[in-house]
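One letter stands for each residue in the lines below.
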Amino acid sequence: MNRYKHIQQAAYDGNMQLPKLGLVIFTFGNVSAADHDLKVFAIKPSGVYYKDLSPEKMVVVDFDGNVMEGSLRYSSDTKTHAVLYKHCPGMGGIVHTHSTYATAWAPALRDITNYGTTHDDHTTYDIPCAAPMNDEMIAGDYEHETGFQILNCLKEKDLSYKEIEMILVGNHAPFAWGKTVEKAVYNAAVLEELAKMAFLTEQINPGSARLKQSLIKKHYERKHGDGSYYGQ
Ligand SMILES: [Zn+2]
């Protein structure tokens with residue numbers, strides 16, 4: 001009996017959403033699903049096309065990056081996922097893509113500005129862009145350090161991973177996460193849409209201002225506050 005079946009299935013389902021949502025091409029991207037009681041996660045194998053994936057092909061790894069189950073080589077970003085799960089007990093799923101618009105902001109080294117209420121409905125914060133790694137980190141255990149690049153950025157901005165569930169890794173691409181894999185995939189798709197909208201806003205009017213505080217508060221509370229009234 002495979003005790004990791006539930007996370008392999010969840011990781012598979014999450015991965016299969018990426019091409020459907022237009023967030024990846026070819027073998028780009030990866031999704032993982034964690035079980036924090038067992039301290040393991042299942043992740044996409046490296047370099048396998050989405051159409052060739054199956055739940056059994058998801059590689060199960062512990063939070064230190066040791067393979068527990070699976071015969072394929074794990075995604076090259078696995079150590080980044082491991083670092084994040086190890087430090088963030090509330091993360092149930094992580095998604096990494098090179099979706100076009102979100103990825104375009106990463107080498108620009110800019111946070112994605114909260115320009116409008118669509119952004120605000122999801123997060124009141126600008127989406128942070130983590131500073132690029134120094135040469136020492138790049139030369140070291142690169143994927144492991146990417147995890148710390150993310151954690152350090154959140155720390156510097158005084159944000160918890162529960163307050164903001166998406167980030168840009170400077171010079172690289174986005175990561176998104178959530179309590180569940182479904183939420184992490186949703187956040188990755190939302191991030192791409194917000195990056196696109198913010199880009200277009202700046203093209204239409206390079207002098208566009210950040211959303212004003214009264215609207216930020218109103219829109220966020222509509223969905224998330226004590227008296228929220230959005231949805232069923
Ligand atoms: Zn990448």
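Refer to the structure above for everything that follows.
About the thresholds
Residues numbered from 1 in each chain as written. Predicted model: local features only at pLDDT ≥ 70, side-chain atom pairs only at ≥ 80, totals over all residues. Heavy atoms only, no water. Donors = N, O, S within 2.8 Å, 3.2 Å for Na, K, Ca; no water. Helix = DSSP H or I, 4+ residues; strand = E, 2+ residues; numbered from the N terminus. Buried < 20%, exposed > 50% of the residue type's maximum accessible area, 1.4 Å probe, protein only. 1 Å grid on protein atoms, 1.4 Å probe; cavity = no way out; pocket = protein on both sides within 12 Å on 5 of 7 lines; lining within 4 Å. Points joined across faces, edges and corners; volume = space filled by probe spheres on them. Nonpolar A, V, L, I, M, F, W, Y, C, P; charged D, E, K, R; others polar. Salt bridge = Lys/Arg side-chain N within 4 Å of Asp/Glu carboxyl O. Pairing = 2+ DSSP bridges. Contact = heavy atoms within 4.5 Å. Axes fitted to C-alpha atoms, helices over the stretch in contact; angles between N-to-C directions. Parallel < 35°, antiparallel > 145°, perpendicular 65-115°, else oblique. Left-handed = near helix turned anticlockwise from the far one by under 90°.

(A) Spotlight on the coordination of the zinc ion. At the metal site, the zinc ion is ligated by H96 (NE2), H98 (NE2) and H172 (NE2), and these contacts range over 2.1 Å. Written as a sequence motif, the donor residues of the zinc ion are H-x1-H-x73-H. On the criterion of sequence distance, the pair formed by H96 in strand β5 (residues 93-96) and H172 in the loop between β7 (166-169) and β8 (174-178) is long-range, its members being 76 residues apart. Of the two residues, H96 and H172, both sit in the buried class.

(B) The arrangement of unusual backbone geometry in detail. Positioned with a positive phi, D158 is a non-glycine residue whose angle comes to about 55 degrees. Notably, N171 is not glycine yet its phi reads approximately 70 degrees, a positive angle. Here N171 falls in the exposed class, since its relative accessible area comes to 52%.

(C) Representation of the layout of surface pockets within the structure. Counted as a void, the largest pocket has a volume near 280 Å³. Residue lining of the largest pocket: 16 residues in total, with H122, E165, K183, Y220 and H224 positioned closest to the centre. If you list the elements that add at least two residues to the lining of the largest pocket, you get α4 (117-122), α7 (181-204) and α8 (213-224). Of the residues contributing to the lining of the largest pocket, the split by class is 5 nonpolar, 5 polar and 6 charged.

(D) Focus on the pattern of salt bridges. Scanning the entire structure with this criterion turns up 9 salt bridges. The salt bridge partner of D52 is K51, with a shortest N-O separation of 3.4 Å. Residue class for D52 comes out partly exposed when judged on its relative accessible area of 34%. The shortest N-O distance in the salt bridge between K86 and D64 comes to 2.4 Å. Of the two residues, K86 sits in helix α2 (residues 78-87) while D64 sits in the loop between β3 (59-62) and β4 (67-69), which places them 22 residues apart along the sequence.

(E) Quick peek at the sheet that holds β8. Pairing is mixed in the open sheet, where 8 strands are placed in the order β4-β3-β2-β1-β5-β8-β7-β6. Every interior strand has two partners, whereas the edge strands, β4 and β6 (129-130), have only one. In terms of strand pairing, strand β2 (residues 40-43) meets β3 through 4 bridges, oriented antiparallel. Within β3, the residue paired with I43 across the bridge is V59. Running over the sheet, helix α1 (residues 5-20) touches β1 (30-35), β2, β3, β4 and β5 and is turned about 155 degrees from β1.

(F) Just the environment of F175, in detail. By secondary structure assignment, the location of F175 is in strand β8. Taking the relative accessible area as the measure of exposure, F175 reaches 0% and is therefore buried. With 79 residues separating them along the chain, F175 and H96 place their C-alpha atoms 4.6 Å apart. The residues touching F175, leaving out its near neighbours within four places in the chain, are T80, H81, I94, V95, H96, T146, I150, M166, I167, V169 and L191.

(G) A look at the packing of α2 against helix α6 (residues 142-156). α6 packs onto α2 with a crossing angle of 45 degrees between their chain directions and a minimal axis gap of 6 Å. Taken together, the axes of α2 and α6 are oblique relative to one another. Considering how the two elements wind past one another, α2 and α6 form a crossing that is right-handed. Mapping the contact onto sequence places K79, T80, V83, L84 and H87 in α2 and E143, H144, T146, G147, F148, I150 and L151 in α6. Residue composition of the contact of α2 with α6, grouped by class: 5 nonpolar, 5 polar and 2 charged.

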